[in-house]
Amino acid sequence: MSETNEHQPTHHVPRAHHAFDVKMEDGATIHVRQHGIPGAPRIVLSHGNGLAIDGYFPFWGPLRERYEVIVFDFRNHGHNPLHTADGHTWGNFIADMDAVWHAINRELGAKPAAGLFHSLSGVTAAMHALKYGRRFDALVLFDPPFYPRQGHPMQYLQHDDKESLASRAARRPERYKDPMELAKQFAKRFKRWVPEAYELMARATLHHDRASGDWILACPREYEAQVFSSAANPQLWPQMAHCPVPVKLVCGDPALEDVMAPALIGRAMAEELGLPYEAIAGTSHFLQIERPAECIRAVESFLAPLGLAAPVTL
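Conventions adopted
Residues numbered from 1 in each chain as written. Predicted model: local features only at pLDDT ≥ 70, side-chain atom pairs only at ≥ 80, totals over all residues. Heavy atoms only, no water. Helix = DSSP H or I, 4+ residues; strand = E, 2+ residues; numbered from the N terminus. Buried < 20%, exposed > 50% of the residue type's maximum accessible area, 1.4 Å probe, protein only. Contact = heavy atoms within 4.5 Å. Areas by Shrake-Rupley, 256 points an atom, 1.4 Å probe, with all protein chains shown as cover. Phe/Tyr/Trp six-rings, centres within 6.5 Å; stacked < 30°, edge-to-face > 60°. Pairing = 2+ DSSP bridges. Axes fitted to C-alpha atoms, helices over the stretch in contact; angles between N-to-C directions. Arc of directions from axis to C-beta.

Assigned secondary structure in the chain consists of ten helices and eleven strands. Expressed along its principal axes, the backbone C-alpha trace of the chain runs to roughly 50 × 45 × 40 Å. Across the 314 residues of the chain, 57% fall into the buried class. Taking the contacts inside the chain whose residues are at least 6 apart along the sequence as the reference set, 74% of them involve residues at least 24 apart. Here the chain displays about 13200 Å² of accessible surface, and carbon together with sulfur accounts for 53% of that area.

Right, here's the structure in full:
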């Protein structure tokens, strides 16, 4: 992100050890960054719809001390240049993830890797595994908004939720005079985030427009709304019973009074399919930036028996 506005950031993501661009078949570009310890166990992370991975730094920042941490934003998000609206599709998200996986192994060397993916990237990772087979050696999916299988009583709940989110996304302000305006909006709406996440997510999801001096959404609101509206694949739920990759669902607290649909869906899907599952008490859909330490423990309890966790330093 450019930091050319007059107010210097209080919170920022450190410079990567190594970074490279991956060009997709249709011309879209995805910027990939390597943090942490290159020789350590590898984890790869991405984000939810309309967001950006730098906003999750309270979660993945501490992991740099023991892991090789690879982060990337989805096309038309975060660090990536804007590409066409026609290319902003689930099919391309899946193909992009495969291209990024291959590029990481070419650029940084092939070795086992776990994928830690939230929401949009979590659903994409599931579809990616079902289409391409075992690329990642394990997947931890944070509050993925799977569309319930045909006939499931929760299908109406997810349908209404995705349409509400699409409508809200389409009405988002497109530009701000300063990233802190968006940070204050986040702070007003999402009370559970750790304090530094508001500014981090605001700066991660905005680009500075030199011509106007404004800060504009990196992912246009129409793109974000389209992803919410098109997230309706009832076949994915039953297919996950045959996922070729070990997968754990780590979800928001289904007992919260203001619980969102993905937390309820994650619990129901895990129970029906017998998938490893853990709910993080007191968290919403943004659990990684609400209780990062608890989320890290949930990840490592799954990765350790698979031989993919780093040793814990005392």
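Next comes the rest of the account.
This part is about the packing of aromatic side chains. Pairs of aromatic rings are described using the distance from one ring centre to the other and the angle between the two planes. Tallied over the entire structure, the rule returns 13 aromatic pairs. Seen from their ring centres, F72 and F74 are 6.1 Å apart, and the 5 degrees between their planes marks the pair as stacked. The burial state of F72 is the same as that of F74; both residues are buried. A connected cluster of aromatic rings, assembled from ring pairs, spans F72, F74, W90, F93, F117 and F136.

With that settled, consider the sheet that holds strand β6 (residues 138-142). Strand pairing in a sheet is mediated by backbone hydrogen bonds. Such pairs are either parallel or antiparallel. Reading across from one edge, β1-β2-β4-β3-β5-β6-β10-β11 is the order of the eight strands in this open sheet, with mixed pairing throughout. Looking along the sheet, the strands with just one partner apiece sit at the ends: β1 (18-23) and β11 (277-279). Strand-to-strand twist across the sheet, computed as the mean angle between neighbouring axes with direction ignored, equals 20 degrees. Judged from the four bridges that link them, strand β3 (residues 42-46) and strand β4 (residues 68-72) form a sheet pairing that is parallel. Across the sheet, the residue bridging to I43 is V69, located in β4. Relative to the sheet, helix α3 (residues 120-132) contacts β3, β5 (113-118) and β6, its axis offset from that of β5 by approximately 135 degrees.

The next point concerns helix α5 (residues 179-189). Among all positions in α5, only P179, L182, A183 and F186 are buried. Seen end-on, α5 carries its buried residues on one side only, within an arc spanning 105 degrees. Structural note: α5 exposes K184 and K188 on the side pointing more than 90 degrees away from its buried face. Tucked into the core, α5 has its buried residues touching β7 (175-176), α6 (197-204), β8 (206-208) and β9 (215-217).

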